[in-house]
Number of protein chains: 4
Amino acid sequence: MEKTPSRIQKKNQATILAAGLEVFSQYGFRGSTLDQIAETAGLSKPNILYYFASKDAIYVALLSRLLADWMKPVYEINPAGDPVAEILTYAKQKLEMSRLYPAESRLFANEIIQGAPRIMDVLSGELHDTMQSLAKVIEGWIAKGDIRPVHPHHLFFSIWSMTQHYADFDKQVRAVLGDEDPFVGAEAHIEDMIRRLLTPD
Amino acid sequence: MEKTPSRIQKKNQATILAAGLEVFSQYGFRGSTLDQIAETAGLSKPNILYYFASKDAIYVALLSRLLADWMKPVYEINPAGDPVAEILTYAKQKLEMSRLYPAESRLFANEIIQGAPRIMDVLSGELHDTMQSLAKVIEGWIAKGDIRPVHPHHLFFSIWSMTQHYADFDKQVRAVLGDEDPFVGAEAHIEDMIRRLLTPD
Amino acid sequence: MEKTPSRIQKKNQATILAAGLEVFSQYGFRGSTLDQIAETAGLSKPNILYYFASKDAIYVALLSRLLADWMKPVYEINPAGDPVAEILTYAKQKLEMSRLYPAESRLFANEIIQGAPRIMDVLSGELHDTMQSLAKVIEGWIAKGDIRPVHPHHLFFSIWSMTQHYADFDKQVRAVLGDEDPFVGAEAHIEDMIRRLLTPD
Amino acid sequence: MEKTPSRIQKKNQATILAAGLEVFSQYGFRGSTLDQIAETAGLSKPNILYYFASKDAIYVALLSRLLADWMKPVYEINPAGDPVAEILTYAKQKLEMSRLYPAESRLFANEIIQGAPRIMDVLSGELHDTMQSLAKVIEGWIAKGDIRPVHPHHLFFSIWSMTQHYADFDKQVRAVLGDEDPFVGAEAHIEDMIRRLLTPD
DNA sequence: TATGAATGAGGATTCATTCAT
DNA sequence: AATGAATGAATCCTCATTCAT
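Quick caveat, the model's predicted, so the values are computed rather than measured.

1. Examining the overall build of chain A
Inference 1: Across its full length, chain A holds 10 helices and zero strands.
Inference 2: Start at the N end of chain A and walk to the C end: the helices and strands fall as α-α-α-α-α-α-α-α-α-α.
Inference 3: Principal-axis analysis of the C-alpha atoms gives chain A an extent of 65 × 50 × 30 Å.
Inference 4: Split into buried and exposed, the 201 residues of chain A put 52% on the buried side.
Inference 5: Of the contacts formed within chain A by residues at least 6 apart in sequence, a portion of 69% connects residues at least 24 apart.

2. Some points on the relation of the copies chain D and chain C
Inference 1: When chain D is fitted to chain C, the best match, at an RMSD of 0.2 Å, comes from turning it 180° and sliding it 0.0 Å along the axis. Those values place the two copies in the arrangement expected of a two-fold rotation axis.
Inference 2: Comparing interface residues between copies, 100% of those in chain D also sit at the interface in chain C, which points to an isologous, same-surface contact.

3. Topic: the relation of the copies chain A and chain B
Inference 1: For these two chains of identical sequence, chain A goes onto chain B by a turn of 179° and a shift of 0.0 Å along the axis, with RMSD 0.2 Å.
Inference 2: The share of interface residues of chain A whose copies in chain B are also at the interface is 100%, consistent with both copies meeting through the same surface.

4. What to know about the packing of aromatic side chains
Inference 1: The full count for this structure, using the stated rule, is 44 aromatic pairs over all chains.
Inference 2: Each ring, one from Phe24 of chain B and one from Phe29 of chain B, has its centre 5.6 Å from the other, and the planes form 25°; the classification is stacked.
Inference 3: Overall, Phe24 of chain B belongs to the buried group, its relative accessible area being 0%.
Inference 4: Geometrically, the ring pair formed by Phe29 of chain D and Tyr59 of chain D is tilted, given 4.9 Å between the ring centres and 55° between the ring planes. Pair noted here: Phe29 of chain D is in helix H1 (residues 7–31) and Tyr59 of chain D is in helix H4 (residues 55–75), with a separation of 30 residues, a long-range link.

5. Notes on the protein's contact with DNA strand F
Inference 1: Lining the immediate environment of DNA strand F, one finds 37 residues, of which Gln9 and Tyr51 of chain B, Leu34 of chain C together with Ser44 and Tyr51 of chain D sit closest.
Inference 2: Take the atoms of DNA strand F that sit within 4 Å of the protein: sugar and phosphate atoms are 63% of them.
Inference 3: Between DNA strand F and the protein, one listed contact pairs a phosphate oxygen with a backbone N or O atom of Ser32 of chain A at 3.2 Å.
Inference 4: Elements with a minimum of two residues in the surface near DNA strand F: helix H3 (45–51) of chain A, helix H1 (7–31) and helix H3 (45–51) of chain B, helix H3 (45–51) of chain C together with H1 and helix H3 (45–51) of chain D.

6. Considerations on the packing of helix H4 (residues 55–75) of chain A against helix H6 (residues 102–113) of chain A
All names here are of chain A.
Inference 1: Where H4 meets H6, the axes come as close as 10 Å, and the angle between the chain directions of the two elements is 110°. With respect to H6, the axis of H4 lies roughly perpendicular. Counted together, Tyr59, Leu62, Leu63, Arg65, Leu66, Leu67 and Trp70 of H4 and Glu104, Leu107, Phe108 and Glu111 of H6 form the full contact between these two elements.
Inference 2: Here the residues of the contact of H4 with H6 are counted per class, giving eight nonpolar, no polar and three charged.

7. Overview of the arrangement of the chains
Inference 1: When C-alpha atoms are compared, chain A and chain C, though not in contact, are closest at a spacing of 13 Å.
Inference 2: Chain D makes no contact with chain A, the minimum C-alpha separation between the two being 21 Å.

8. Focus: the interface of chain D and chain C
Quoted interface sizes are often the accessible area lost when the parts come together.
Inference 1: Taken together, the 58 residues of chain D in the interface contact 58 residues of chain C.
Inference 2: The junction of chain D with chain C conceals about 5000 Å² of combined surface from both sides, 63% of it contributed by carbon and sulfur atoms.
Inference 3: Summed over the three residues of chain D that lose the most area to chain C, namely Ile113, Val176 and Arg196 of chain D, the buried surface amounts to 15% of that side.
Inference 4: Here chain D is connected to chain C by four salt bridges.
Inference 5: Here Arg196 of chain C ties to Asp201 of chain D by a salt bridge, and the two come within 2.9 Å at their closest N and O atoms.
Inference 6: Linking chain D with chain C are 19 residue pairs in polar contact (both at pLDDT 80 or more), by the criterion used here.

9. What to know about the interface of chain A and chain B
Inference 1: With 58 residues of chain A at the interface, the matching set in chain B holds 58 residues.
Inference 2: Contact between chain A and chain B buries roughly 5000 Å² in total, counting both sides, with carbon and sulfur atoms accounting for 63%.
Inference 3: Across the chain A-chain B interface, the total number found is 19 residue pairs in polar contact (both at pLDDT 80 or more).
Inference 4: Going through the elements one at a time, helix H1 (7–31), H6, helix H7 (120–143), helix H8 (152–168), helix H9 (170–177) and helix H10 (182–198) of chain A are the ones with two or more residues in the side of chain A that touches chain B.
Inference 5: Element by element, the count of residues in the side of chain A that touches chain B is highest for H8 of chain A, at 12 residues.
Inference 6: When its residues are assigned to classes, the side of chain A that touches chain B shows 27 nonpolar, 22 polar and nine charged.

10. Some details on the domain arrangement of chain A
Residue and element names in this part refer to chain A.
Inference 1: Along its sequence, chain A is carved into domain 1 (1–52) and domain 2 (63–198).
Inference 2: The C-alpha-based centres of domain 1 and domain 2 are spaced at 29 Å.
Inference 3: Each side of the interface is counted separately: domain 1 has six residues, and domain 2 has seven residues.
Inference 4: Interface area, domain 1 with domain 2, both sides summed: about 590 Å², of which 63% is carbon and sulfur.
Inference 5: Of all residues in domain 1, the largest losses of buried area upon contact with domain 2 belong to Leu21, Ser25 and Phe29, amounting jointly to 70% of the total for that side.
Inference 6: Counting across the domain 1 and domain 2 interface gives zero salt bridges.

What counts and what doesn't
- Residues numbered from 1 in each chain as written.
- Chains lettered and ligands numbered in written order.
- Predicted model: local features only at pLDDT ≥ 70, side-chain atom pairs only at ≥ 80, totals over all residues.
- Heavy atoms only, no water.
- Helix = DSSP H or I, 4+ residues; strand = E, 2+ residues; numbered from the N terminus.
- Buried < 20%, exposed > 50% of the residue type's maximum accessible area, 1.4 Å probe, protein only.
- Contact = heavy atoms within 4.5 Å.
- Least-squares fit on C-alpha atoms with pLDDT ≥ 70 in both.
- Phe/Tyr/Trp six-rings, centres within 6.5 Å; stacked < 30°, edge-to-face > 60°.
- Near = heavy atom within 4 Å.
- Polar contact = N/O pair within 3.5 Å; in protein donor to acceptor, adjacent residues only side chain to side chain.
- Axes fitted to C-alpha atoms, helices over the stretch in contact; angles between N-to-C directions.
- Parallel < 35°, antiparallel > 145°, perpendicular 65-115°, else oblique.
- Nonpolar A, V, L, I, M, F, W, Y, C, P; charged D, E, K, R; others polar.
- Buried area = accessible area lost by both parts, 1.4 Å probe.
- Salt bridge = Lys/Arg side-chain N within 4 Å of Asp/Glu carboxyl O.
- Domains from an automatic or database assignment.

This is how it looks when you write it as structure tokens:
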């Protein structure tokens, strides 16, 4: 009979997750210490462990939350909508997520680069299945001649990679661009790429 | 009075770098241990440190070598060549690097995601300058009407991200694609995207 | 101005002692945690410490109660009774205690094996003196020719060790005996030993 | 291809085991710390862990060695020898072990009292089988009328418990006996008990 | 009386690095 | 050029105890 978390519990758990996100996204799981997280959260180390059983538990909690958020926009693609517009909206949402939640994106990137040890099952399961369904939608649009023939999976890989790049490789992007705002140019460029790719002649 | 490195020295250094690459690219800098590298290299831990002053030194040596390799294809873009072909060739080279040297790509990604603490100066210096020159070439092509107007920097961001994605997010890509070979579809898709983007109507 | 303990107080103290006995006897003092005791008792950890000042206090309370129980049968030996019968009765009582209260026996064994840091004074004081008196009784019986000459102290050591063995080394005893009930054979065997030892030819 | 342990390795491992025995036998597994063992051994804590993978490994190494020593005298009982003499010799050997190696005895007692989590399989396996064979020998002697009818298993339980008592309950024994040497009286008493028990009328 | 929250003091273990040979 | 031995500095986690209510 789990008790409902009290207000102070919720607040501290949220604080810890926020601190964990900040630290983990920057240093990776192994590179992050409970000390860092505790200091960032403004709590003592044992108090952190009072709310989460282990360093790992914090990381997993973050990843779970993240995966849900990360997949959400996919479900909002409307098979009955205008194909190019739907995909553009999706891409813009993803880019906006990179702009607003770069730490989340980097946490996710870190996990996958290191072999996705903790979320491989979600990738092979839910993600795989979702992308299969989505591919059907894309293929339907192609069959109707609404968009040019493209490989559905690779289309999404390119959207994911291009948009997440601005969060994950932020340091490199800004080193190249100097003072220019990355996201202004990014949005225009990505929209251009997708529109040219998909719009039938 | 530096001695010229003997054959055995060179061989061991190479062995250590290869081992370091394998380990660092999988577990990140902090997540990797000298023990792992020593075992992978088949050398004793103190012997590793006989060739490289520290764990950090191995990592930095790898990054330096990597940066050179990573930038090389950029210099091979021929301003006098056919614009679309030049860029396509570049993109294919990058994709081929992701296919052949995924560990290198992941090592690089790891470093940048974590804020590029060790290569920020190279990014702000050499990379920034190189990309400025390259931008001039692209803008020249645009001005001549050889390619459609695109933002040069973002063009390269998209090429980098799309191609490196197949190395860095390999686990996710394969989870989505199942048994399908990622690189076959990737090459076609990326070529399609770039060609549509750049070819003037 | 000590208040008389209320009924609920008494009940909780008893609950805590029962839980402490169960936990301490299995894991030893250092191997037991207040969390375990609290969970076994069905009380919160701070509530445990409301009734007992410390983990140590629970342990000491248990030991004290235990020592009294443990010594009681000795006082019931009747110098005017039949010598062999008196000693047999005592031994059977001790064996019965091993059968009914093995946790208590193990708690006691643990404490003494580890040097009896908390009850050394009781051993050197009350126990020593009691055994001195008892030795006099035994020696009286021997002098009268009622029992064979035996060393009184060692007689009791052998009774204690043989009977407590079935509680303390329960795991080993059952591993050797398999399904056979240890206590049935134990009683016959111990009675046989003592009777043969003490009965004059 | 395990290397043969060098002299220094052997020496340090022996030192650590000796220290571990001293500490574990007094405080139990959970009550002992690597710090204590390290200090007793005169080595640094990480150096301890250079020779043994963990605290647990030291404990298990001790138990293994101990079990072998502990069982050895059983195998020396000669079915063709004089029954009473054989058993008396065995009992005296066990008592001598308690005198010379009380720490080993206490370590063993500690482990069994706490449920024998690490050696249950040896008890149910090798010990059980050995005692079955031994029971056959005893029963043979009984059948021939060489010794009185006794329950073989309980006979050994009583020998084990009486002899080990002088090691395990040393503190209590000495508290009762005062300055008297425990082992002198113990040997006479135990011999008397066994002889009376076994010798046919 | 009772408990959710919090923590200082450990405690086992890891690991980059140094030492001695 | 190589390695067995050794260690100081973390680092994760535990736990008895205290605090606040």
